[in-house]
Amino acid sequence: MTATSMHEWNRRLLLGCLCLSLAASVRLSVMSHSGGLITATVLPAVSFVVCFGLALSLWLANCSKKGEQLLICFLCLVGLLWQLAEAGDTSAARNGFQTAAFVGDVLSLLLLMHILEHYLSYWGLVWLPQSVKWIVSAPALGLLGTAAGLQIAGFPALRPAALLLMAALMALALAASAHVMIVSREAAYRPMLHVLLFGLLFSCAPALIGVVCTLNGVSSIPMPVLFPGLLPLLLAYLVCSERFMDLSFTLKHASYCALIAALPSVFISIVFYHVSAWGNLVADRSDVFVTGILMFLVLFFMLYIKQYLDYSLRKRLNAKQQDVQIALNRFLQWIENDDDLENIGPIIEREVENCLPVERAQLLVLGKEDETNPYFSYASRGDPGEITATQEGFRILLSESALGKIVLVAKWTRPRRRLNPDERVWLAALISYAQIVIENRANINDLMKNLEESAAQRAFVPMTIKKMMLRISERERFKWSRRLHDQNMQDQLDIARQLDAWGKESRDPQTKALMVGFREQVLDGVYVLRQVINDLHPEFIYRTGLKKALLELFDKVNLRADFKLYGHVDDRLDGFQNEWDMAVYRVVQELLNNAQKHAQAHCVHLNLMKKNDRFMLTYSDDGIGLNVSAIGKSFGTMGLPGMIGRVEGMGGHLAIDSQPGSGLRISIQWTKKGAYA
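The structure displayed is predicted, hence computed values, not measured ones.

Conventions used here
- Residues numbered from 1 in each chain as written.
- Predicted model: local features only at pLDDT ≥ 70, side-chain atom pairs only at ≥ 80, totals over all residues.
- Heavy atoms only, no water.
- Helix = DSSP H or I, 4+ residues; strand = E, 2+ residues; numbered from the N terminus.
- Buried < 20%, exposed > 50% of the residue type's maximum accessible area, 1.4 Å probe, protein only.
- Contact = heavy atoms within 4.5 Å.
- Areas by Shrake-Rupley, 256 points an atom, 1.4 Å probe, with all protein chains shown as cover.
- Pairing = 2+ DSSP bridges.
- Axes fitted to C-alpha atoms, helices over the stretch in contact; angles between N-to-C directions.
- Salt bridge = Lys/Arg side-chain N within 4 Å of Asp/Glu carboxyl O.
- Phe/Tyr/Trp six-rings, centres within 6.5 Å; stacked < 30°, edge-to-face > 60°.
- Core = buried A, V, L, I, M, F, W, Y, C linked by side-chain atoms within 4.5 Å.
- Patch = residues over 30% accessible without salt bridge, like charges linked within 9 Å, V, L, I, M, F, W, Y side chains within 5 Å.
- Parallel < 35°, antiparallel > 145°, perpendicular 65-115°, else oblique.
- Left-handed = near helix turned anticlockwise from the far one by under 90°.
- Nonpolar A, V, L, I, M, F, W, Y, C, P; charged D, E, K, R; others polar.
- Disulfide = S-S within 2.5 Å.

1. Focus: the overall build of the protein chain
Along the protein chain, the regular secondary structure elements total 22 helices and 9 strands. Within the protein chain, buried positions represent 39% of all 677 residues. Considering only contacts in the protein chain between residues 6 or more positions apart, those separated by 24 or more positions represent 68%. Surface summary for the protein chain: the accessible area is close to 37,600 Å², and the carbon and sulfur share equals 61%.

2. Comments concerning the sheet that holds strand β3 (residues 393-401)
Think of a sheet as strands paired side by side through backbone hydrogen bonds, with each pair either parallel or antiparallel. A sheet is described by the order of its strands in space; here 4 strands give the open sequence β1-β4-β3-β2, paired in antiparallel fashion. Every other strand in the sheet has two partners, leaving β1 (358-367) and β2 (387-389) as the edge strands with one partner each. With strand direction ignored, the average angle separating the axes of adjacent strands in the sheet is 20°. The pairing of β2 with β3 spans 3 bridges and is antiparallel. Across the sheet, T388 pairs through a bridge with R395, a residue of β3.

3. Focus on the side chain of E351
Structurally, E351 can be placed in helix α13 (residues 341-355). Residues in contact with E351, not counting those within four places in the same chain, are A327, R330 and W426.

4. What to know about the environment of P206
Examined against the element boundaries, P206 turns out to sit in helix α7 (residues 190-215). Considered as a pair, P206 and G229 are 23 residues apart in the sequence and their alpha carbons are 10.0 Å apart.

5. Examining the pairing of strand β8 (residues 653-658)
The pairing of β8 with strand β9 (residues 664-671) spans 6 bridges and is antiparallel. Each residue of the ladder has a partner; that of I656, found in β9, is I666. Connecting β8 to the antiparallel partner β9 that follows it, the hairpin turn spans 5 residues, and G661 within it adopts a positive phi of roughly 90°.

6. Comments concerning the pattern of salt bridges
Note that side chains of opposite charge can pair when their charged atoms are close. Per the counting criterion, the structure on display carries 3 salt bridges. A salt bridge links D500 to K504, with the nearest nitrogen and oxygen atoms 3.8 Å apart. One end of the pair, D500, and the other, K504, are both in helix α16 (residues 463-505), 4 residues apart, so they sit about a helical turn from each other. When its relative accessible area of 64% is taken as the criterion, K504 is described as exposed. Ionic pairing is found between R665 and D657, a salt bridge with its closest N-O pair at 3.4 Å. Since its relative accessible area comes to 34%, R665 is described here as partly exposed. Taking relative accessible area as the criterion, D657 reaches 43% and is therefore assigned partly exposed.

7. As for the packing of aromatic side chains
The final tally for this structure, using the stated rule, is 8 aromatic pairs. For the ring pair Y119 and W123, a centre distance of 6.4 Å and an interplane angle of 75° mean the geometry is edge-to-face. Taking relative accessible area as the criterion, Y119 reaches 1% and is therefore assigned buried. A network of ring pairs unites the aromatic residues Y119, Y122, W123 and Y189 as a single cluster.

8. Overview of the nonpolar core
For soluble globular proteins, the rule of thumb is that nonpolar side chains tend to be buried together. Ranked by size, the top nonpolar core spans 59 residues in total, and within it F74, L112, L120, W127 and L200 carry the most contacts. Mapped by element, the contributors of at least two residues to this core are α1 (3-30), α2 (37-61), α3 (68-86), α4 (91-122), α5 (130-152), α6 (158-183), α7 and α8 (231-240). If we skip the residues at most four places from it in the chain, W127 touches M113, L116, E117, L120, A173, A176, S177 and V180. Grouped together as the second largest cluster of nonpolar side chains are 39 residues, F554, W580, A595 and I666 included.

9. Structural notes on a nonpolar patch on the surface
On the surface, V42, V46, V50, F198, L201, F202, L230 and L233 cluster together into a nonpolar patch covering about 650 Å² of accessible area. The residue L233 is located in helix α8 in this model.

10. Some words on the sheet that holds β9
Strand order across the open sheet formed by 5 strands is β5-β6-β7-β9-β8, with mixed pairing between neighbours. Of all strands in the sheet, those bounded by a partner on one side alone are β5 (564-569) and β8. Direction aside, neighbouring strands of the sheet carry axes that sit 10° apart on average. With 8 bridges joining them, strand β6 (residues 603-611) and strand β7 (residues 614-621) adopt antiparallel strand pairing. What sits directly across from V604, in β7, is D621. Running at roughly 175° to β5, helix α19 (residues 546-560) makes contact with β5 and β6 of the sheet.

11. Structural notes on the side chain of R586
Positionally, R586 belongs in helix α20 (residues 578-599). Of the residues examined, R586 reaches a relative accessible area of 4% and is grouped as buried. Residues in contact with R586, not counting those within four places in the same chain, are E474, R477, D535, L536, H537, P538 and R646.

12. Some remarks on unusual backbone geometry
Located in the positive-phi region is N62, a residue other than glycine, with phi close to 60°. For N62, a relative accessible area of 37% gives the class partly exposed. One non-glycine residue, Q600, lies in the positive phi region at around 55°. For Q600, a relative accessible area of 59% puts it in the exposed group.

13. Digging into the packing of α3 against α4
It is the contact of α3 with α4, at a shortest axis distance of 8 Å, that shows an interaxial angle of 160°. Here α4 runs roughly antiparallel to α3, going by the angle between their axes. In the packing of α3 onto α4, the handedness of the crossing is left-handed. Residues of the contact of α3 with α4, tallied by class, amount to 16 nonpolar, 5 polar and 3 charged.

14. Brief notes about the environment of C51
The residue C51 is located in helix α2 in this model. Looking at C51, the relative accessible area reads 4%, which means it is buried. It is 8.2 Å that separates the C-alpha atoms of C51 and L233, two residues lying 182 residues apart in sequence. For C51, the residues in contact, after removing those within four places along its chain, are L75, V78, G79 and P232.

15. Observations regarding the packing of α4 against α6
Pairs of packed helices are described in terms of their axes, by the angle between the two and the distance that separates them. The contact between α4 and α6 brings their axes to 9 Å, and the two run at 20°. If you check the angle between α4 and α6, you find them roughly parallel. Considering only the axes of α4 and α6, their crossing is left-handed. On α6, the residues touching N95, Q98, T99, F102, V103, D105, V106, L109, L110, L112, M113 and L120 of α4 are L158, R159, A162, L163, L165, M166, L169, M170, L172, A173 and V180.

16. Things to note about the state of the cysteines
Tallied over the entire structure, the rule returns 0 disulfides. Cysteine C240 shares no disulfide, and the gap to the nearest cysteine sulfur, in C63, comes to 8.6 Å.

Now the structure itself:
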């Protein structure tokens, strides 16, 4: 028989098992005793429907890699256990059905062992060795057979044997799960093993306690407690899911829901206990325990599902909160590219006016000269960041220093005069971010001032400071280039499109010609602005490479300059760090700018080559020259001092040879270590 035909036979057998369990459930429902309607009829039927639905969905999925076929048999059997325990019209018949339910529970636990063995072997884990699994199964079945023979002979041994085997198998399942979790070293399997262990613990622990009590002679234990009813849900979740819950997070929320559900469950149980004497809702007071547990589970799952729905539908339920969160993200994106206080102020004012019930918001920067301003004295009341209510709105002191204060003042939109909790949380977050930006800006200004003072007092500038200044300079250039591209250039292009549209709509030839002329002027401005953007941050270097970028720069200089440029770039210049590429481009750019503005040269030579393990850049012109001793040290990145700092910041060495009237010669060398990543 081929594998395909074997698979089809297995599916037919499983379908027969499903049909048989459905027929048995219908028959047992008819045979249920005249006990309480809820515990004897409704709940057993609900339990079967859940198990049958899970089994049917697994059969339709047509999978067998993780033990799905054994799980279908398990679900068909477990779904009938509660109905078996509640079946029978007479005491003797009910006792027989309960004994059969205990035997079925033993068989389901044996199936559980095989299901978990198949499931964990799919993930490469060992549940129980093959020898141990069969050593457990064979004696268990032998003990049940012996007890059944004794039962037929008149000795009531089947129920105690089944209860004993139930306790042993549940304890073995818990011990084996704990052993697998301890032995497993793979962090990826931890969530799955946590779910397995805690699921078995919650499923089997109450049943294990009930079985032990029953074996010790306690006869008041409700029958449903003796069956691990959560096992079908646990196994179906493990087999059908590829992603597992974060158990610590889930347990925290489950504890919260359980705490809330416990009080009304106890109250309802007490009420049921007192009304049980009437015999209308429950048959006897022993059913009150089951009713309380079921009420607790219903409330618990309702609260847990509510939390899940609140999270899933948060965008629709809390549309305003979503808007303020977007506003906060928008504010963070703005300050990421712009930390100038003059530009941050309007952003804060706009976001506060859009998201809060305020008519007008204003960020005031108060210096010592503003001591006559009433807000100067009011701002000192309260701690920085504290929201202080006023008659017309609120004020917040954002920053206070020896130079002055920064205050946010807002005026209510009438008749609103308070902030709700969500608005307060949003405003507190916005103010915290704003305070961080303002404080960092002040610290940077103080640091720059101290660095400039240190540079004026010493001839040597630390290498780390040079590198830091280069990175800051490039970041500022990139920020300004983005701003010019995204704002100024787009505005000019929009003007050009409007002029083009107006020109096409105009019927007056003179007006149309005027619009065309304006449009051409705007586009010329856009072209110049694009060149400025490329000069600020020549991002194309990273796409085209250093050599091509330099050759394009040489062509532009030859078109615009009044001297002849002879440039050469070695073909072996590739694979450098991005910082080194940008530094070399900036150095060449500064040399050529200096030649255009100050050299008054007729001929300029510039060569970039590789020689042994060094890279050399040589520059020479026949201009007016300069006084080398007049070139000072500076933390700036512009001019010759900035070029010197840029070279030394990248680990290079620079030599300048020039005299007034004899031209300029510059030689720069970088080591291979500084150029390559």
